[in-house]
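Structural features, examined
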Amino acid sequence: YTLAIGEDLMIVGSEAPPTPENISPQLTVESRPNYTVKISGTMKGMDAVRVEFQRKGAANFTMIGVLTSLPGELAISPQTAGEPEAGHIRAIYLRKNQPDGDYSPEYPVTVSQ
């Protein structure tokens, strides 16, 4: 058996398996009560996913938590108690406690009480 035979028999897919250079989390982010967000998606065989939040107007992202399974919920501490907090969430997979792959797209989110 060779790759050419597999292609001729149409039993070899044209899609390459994900590699650390091109794998990134594809998430669904949902605002929940009490300044929390529900993060859904797939782990794609990774150990965990590190989730980061960037407040509106801030220059940097800060880690808000690590999830070892999805879906999961994480809390975002508001800068002013009782006021809504807006910004963006992104994530990156972890394998053996090290970042693996690329960051996810940035997802806009607003949380409140």
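Everything here concerns the structure above.
These lines cover the structure that appears in this document, whether it is placed above or below. (Residues numbered from 1 in each chain as written. Predicted model: local features only at pLDDT ≥ 70, side-chain atom pairs only at ≥ 80, totals over all residues. Heavy atoms only, no water.)

A look at the nonpolar core
Residues V37, I39, V49, V51, L67, L70 and I89 are the most contacted members of the largest nonpolar core, which totals 20 residues. Counting residues per element, the ones that place at least two in this core are β2 (36-40), β3 (48-55), β6 (85-95) and β8 (107-111). Aside from chain neighbours lying at most four places away, what touches V37 is V29, E30, R32, G72, E73, L74, I76, I89, V109 and V111. (Core = buried A, V, L, I, M, F, W, Y, C linked by side-chain atoms within 4.5 Å. Buried < 20%, exposed > 50% of the residue type's maximum accessible area, 1.4 Å probe, protein only. Helix = DSSP H or I, 4+ residues; strand = E, 2+ residues; numbered from the N terminus. Contact = heavy atoms within 4.5 Å.)

Some points on the side chain of E85
Examined against the element boundaries, E85 turns out to sit in strand β6. Side-chain polar atoms of E85 contact the side chain of R55, separated by 3.2 Å. The contacts of E85, once residues within four sequence positions are left out, are F53, R55, I76, S77, P78, Q79, V109, T110 and V111. (Polar contact = N/O pair within 3.5 Å; in protein donor to acceptor, adjacent residues only side chain to side chain.)

Quick notes on the sheet that holds β2
Spatially, β1-β2-β5 is the arrangement adopted by the 3 strands of the open sheet, whose pairing is antiparallel. Both edges of this open sheet fall to β1 (28-32) and β5 (72-75), since each of them pairs with a single strand only. This sheet shows a mean twist of 30 degrees between the axes of neighbouring strands, independent of strand direction. Alignment of β1 against β2, held across 5 bridges, turns out to be antiparallel. Looking at β2, one finds that V29 is bridged to I39. (Pairing = 2+ DSSP bridges. Axes fitted to C-alpha atoms, helices over the stretch in contact; angles between N-to-C directions.)

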